[in-house]
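# Understanding the architecture of this molecule
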Amino acid sequence: MAEKTVRKSVSLAVFLAVAADPGVPFRIVELAGRGIAADAAASRWVLEAGKPSLDGFVLADKLIDLGEREDQLVALWHEYGADEVGVVGFESRLTEIVTAMEMWVPVPEGPMEDFSVRLRRVPNTDG
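Analysis parameters
Residues numbered from 1 in each chain as written. Predicted model: local features only at pLDDT ≥ 70, side-chain atom pairs only at ≥ 80, totals over all residues. Heavy atoms only, no water. Helix = DSSP H or I, 4+ residues; strand = E, 2+ residues; numbered from the N terminus. Buried < 20%, exposed > 50% of the residue type's maximum accessible area, 1.4 Å probe, protein only. Areas by Shrake-Rupley, 256 points an atom, 1.4 Å probe, with all protein chains shown as cover. Core = buried A, V, L, I, M, F, W, Y, C linked by side-chain atoms within 4.5 Å. Contact = heavy atoms within 4.5 Å. Salt bridge = Lys/Arg side-chain N within 4 Å of Asp/Glu carboxyl O. Axes fitted to C-alpha atoms, helices over the stretch in contact; angles between N-to-C directions. Parallel < 35°, antiparallel > 145°, perpendicular 65-115°, else oblique. Nonpolar A, V, L, I, M, F, W, Y, C, P; charged D, E, K, R; others polar. Expected span 1.5 Å × (residues − 1). Polar contact = N/O pair within 3.5 Å; in protein donor to acceptor, adjacent residues only side chain to side chain.

Let's shift gears to the overall build of the protein. Broken down by element type, the protein carries 4 helices and 0 strands. Residues counted as buried form 27% of the 127 residues belonging to the protein. As presented, the protein carries roughly 8700 Å² of accessible surface, and 58% of it is formed by carbon and sulfur atoms.

Written out as structure tokens, the structure is:
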């Protein structure tokens with residue numbers, strides 16, 4: 001039996017942990033939701049637009065930039081869990097990270113072709 005490939009998103013895991021934490025105010029849960037959407041948009045953009053249209057080095061630079069946001073997010077979550085940063089500081093820094101992630105995906109001018117059909121699995125096929 002072939003193994004199913006599972007994509008793991010560290011950012012998604014952290015945002016889900018933030019949203020599920022009973023100690024965070026609802027405004028931080030909302031930020032986590034925005035982060036989840038930004039992470040999903042980034043993944044989709046890489047698959048649908050980035051890989052097919054960008055030079056490998058340009059795409060790598062963009063992915064490194066996104067990875068730096070992820071590193072900041074993980075560090076912030078650890079600091080919050082260790083009580084090294086309070087709720088106000090956590091919210092402020094999380095807002096900066098989420099906003100940067102939201103702006104990371106280039107928004108094209110005009111209509112864009114919907115490539116999502118390529119990502120959908122068709123039952124009883126290998127693709």
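One non-glycine residue, Asp 83, lies in positive phi territory at about 60 degrees. When you line up the elements, Asp 83 lands in the loop between α3 (56-81) and α4 (87-104).

With respect to the element layout, Glu 48 can be found in helix α2 (residues 26-53). Note on Glu 48: relative accessible area 8%, which makes it buried.

Before going further, it helps to examine the nonpolar core. If you look at the biggest cluster of nonpolar residues, it comprises 25 residues, and the most contacted ones within it are Phe 15, Val 18, Trp 45, Phe 90, Leu 94 and Trp 104. Of all elements in the fold, only α1 (10-20), α2, α3 and α4 reach the threshold of two or more residues within this core. The dominant element in this core, judged by the number of residues it contributes, is α2, at 8 residues. Setting aside its immediate chain neighbours within four residues, Phe 90 contacts Val 18, Ile 28, Leu 76, Trp 77, Tyr 80 and Val 85.

On to the pattern of salt bridges. Across all of its chains, the model carries 5 salt bridges by this definition. Among the salt bridges present, the one from Arg 44 reaches Glu 48, with a minimum N-O distance of 2.8 Å. In this pair, Arg 44 and Glu 48 both sit in helix α2, 4 residues apart, roughly one turn of the helix. Note that Asp 65 and Arg 69 form a salt bridge whose closest N and O atoms lie 3.0 Å from each other.

Before going further, it helps to examine the packing of α2 against α3. Contact pair α2 / α3: the axes reach a minimum separation of 12 Å and the direction vectors enclose 175 degrees. One finds that α2 runs roughly antiparallel with respect to α3. Along its contact with α2, which presents Ala 42, Trp 45, Val 46, Gly 50 and Lys 51, the element α3 presents Leu 59, Lys 62, Leu 63 and Leu 66. The class makeup of the residues in the contact of α2 with α3 is 6 nonpolar, 1 polar and 2 charged.

Here the focus is the environment of Ala 40. On the secondary structure map, Ala 40 appears in helix α2. By relative accessible area, which is 46% here, Ala 40 ends up partly exposed.

What follows is about the side chain of Asp 39. Turning to its location among the elements, Asp 39 is positioned in helix α2. Once you skip the residues sitting within four places of it in the chain, Asp 39 turns out to touch Ser 9, Ser 11, Leu 12 and Met 101.

Another point: α3. Since the α-helix packs 3.6 residues into each turn, any two residues three or four apart lie on the same face. Taking 1.5 Å of rise per residue, the 26 residues of α3 would be expected to cover 38 Å, and the 37 Å separating its terminal C-alpha atoms lies within 8% of that figure. The complete set of buried residues in α3 reads Leu 59, Leu 66, Arg 69, Leu 73, Leu 76 and Tyr 80. Elements in contact with the buried residues of α3: α1, α2 and α4. Two or three places before Phe 57, at the opening of α3, Asp 55 has a side-chain oxygen 3.0 Å from that residue's backbone nitrogen. Phi turns positive one or two residues past the end of α3, at Asp 83, with a value near 60 degrees.

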